[in-house]
Amino acid sequence: MPLLGVNIDHVATVREARKTNEPDPIHAAVLAEIGGADSITVHLREDRRHIQDRDVRLLREISRVGLNLEMAVSDEITKIALNLLPDQVTLVPERREEVTTEGGLDVKTHLARIRQCVDQLQGAGIAVSLFIDPDLSLIEAAKSLGVTAIELHTGAYADAQTTKETEIEFDKLREAGQFATAQGLLLNMGHGLTYRNVRRIAAIQGVHELNIGHSIVSQAVLVGFERAVREMKQLVTL
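Our subject in this report is the structure included herewith. Within any chain, residue numbers begin from 1 and follow the written order of that chain's sequence. Reporting of local features is limited, given that this is a predicted model, to residues whose pLDDT is at least 70; pairs of side-chain atoms are given and counted only at 80 or more, and all residues count toward the totals for whole chains, interfaces and linings. Excluding hydrogens and water, the side-chain figures rest on all heavy atoms present in the structure.

**Points about the overall build of the chain**
Working definition: helices are DSSP H or I runs of at least four residues, strands are E runs of at least two. Numbering for both runs from the N terminus. A tally of helices and strands in the chain yields 11 helices and eight strands. The C-alpha radius of gyration of the chain comes to 17 Å, within 12% of the 18 Å expected for a compact globule of 238 residues. By its C-alpha atoms, the chain is 45 × 40 × 35 Å across when sized along the principal axes. For each residue, the accessible area found with a 1.4 Å probe, counting protein chains only, is set against the maximum for its type, and the residue is called buried under 20%, exposed over 50%, and partly exposed in between. Each of the 238 residues in the chain was classed as buried or not, and the buried ones make up 50%. Whether two residues are in contact is decided by their heavy atoms: any pair within 4.5 Å suffices. Long-range contacts, defined here as pairs at least 24 residues apart, represent 65% of the contacts in the chain between residues at least 6 apart. All accessibility values rest on the Shrake-Rupley procedure with a 1.4 Å probe; residue burial counts only the protein chains present in the view. When the accessible surface of the chain is summed, it comes to about 10900 Å², and 50% of that surface belongs to carbon and sulfur atoms. Distance between charge centroids for the chain: 2 Å, based on 26 positive and 34 negative side chains. Two things to know: the radius of gyration comes from C-alpha atoms, and the globule rule equals 2.2 Å times the number of residues to the power 0.38. Lys and Arg are tallied as positive, Asp and Glu as negative. Neither His nor the chain termini are counted. Every charge is mapped onto a representative atom, which is NZ of Lys, CZ of Arg, CG of Asp or CD of Glu.

What follows is the structure in structure tokens.
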């Protein structure tokens with residue numbers, strides 16, 4: 001059964017909309033753990049649009065489950081990660097003007113720069129995952145870097161508008177997932193997954209963890225955070 005990683009970025013998004021101290025993403029992380037989350041994910045962006053340095057420091061102190069830090073290949077954020085020592089770092093692409101991460105990391109084009117970052121992080125004992133599109137050549141490039149895991153970008157599957165498009169994108173994820181596990185990589189998936197579309201992804205053989213944020217936070221507005229996480233956990237582990 002896949003593990004469930006809960007991304008709490010958008011709890012911080014609500015807080016930052018008013019530049020106040022509530023809702024506190026630390027409180028959300030505790031409720032997520034009670035609801036069954038296997039790990040907590042936060043993206044410390046260079047522009048600090050939602051998660052703040054204070055948040056990651058406190059999460060490292062209080063989290064009873066794994067802490068997955070999403071970050072760009074950035075010298076500044078790498079230094080923070082090396083001081084923080086999260087359980088895992090997931091390297092993601094990042095553009096200031098994007099609303100959310102729009103695609104996977106271009107591992108092949110930026111191989112040397114990514115290798116330098118990976119070596120620093122893994123040298124400090126931090127497991128590293130790369131957030132990439134379901135492309136076999138990208139998986140091969142990730143494998144060449146010696147990372148522990150990859151996270152396949154499920155956005156195209158989540159955004160598909162027709163049954164045919166959905167099946168095409170699902171098949172890409174399934175094929176890429178099989179290839180990744182055959183390479184000895186831990187297989188994570190995430191982006192755009194919801195209560196309506198997650199079960200097929202969770203059923204893909206070899207999936208280690210699903211990282212889900214926006215849909216859980218949206219549901220939590222209506223039913224509460226602990227319940228929202230528990231409902232997603234039930235879907236993932238059926």
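**Side note on the environment of Val92**
Locating Val92 in the fold gives a position in the loop between β4 (88-91) and α5 (111-123). Beyond its immediate sequence surroundings of up to four residues, Val92 is in contact with His43, Glu70, Met71, Ala72, Val73, Leu105 and Phe131.

**Considerations on the packing of aromatic side chains**
Any pair of Phe, Tyr and Trp rings, taking the six-membered ring for Trp, is counted once the centres come within 6.5 Å. Such a pair is stacked with planes under 30 degrees apart, edge-to-face with planes over 60 apart, and tilted for the rest. Tallying each qualifying case throughout the model produces one aromatic pair. Only when the NZ atom of a Lys or the CZ atom of an Arg is both within 6 Å of the ring centre and within 35 degrees of the ring normal do we say a charge sits over the ring. Its end group placed over the ring of Phe170, Arg200 keeps NZ or CZ at 3.9 Å from the ring centre.

**Looking at the side chain of Thr90**
Within the element layout of this structure, Thr90 appears in strand β4. On the basis of relative accessibility, which here comes to 0%, the residue Thr90 falls in the buried class. Polar contact is the term for a pair of N or O atoms within 3.5 Å; when the atoms are in protein, one must be able to donate a hydrogen and the other to accept it, and sequence-neighboring residues count only if both atoms are side-chain atoms. Within polar-contact distance, the side chain of Thr90 engages the side chain of Gln88 at 3.4 Å. Beyond its immediate stretch of four places on either side in the chain, Thr90 contacts Asn68, Leu69, Glu70, Met71, Ser129, Phe131 and Glu151.

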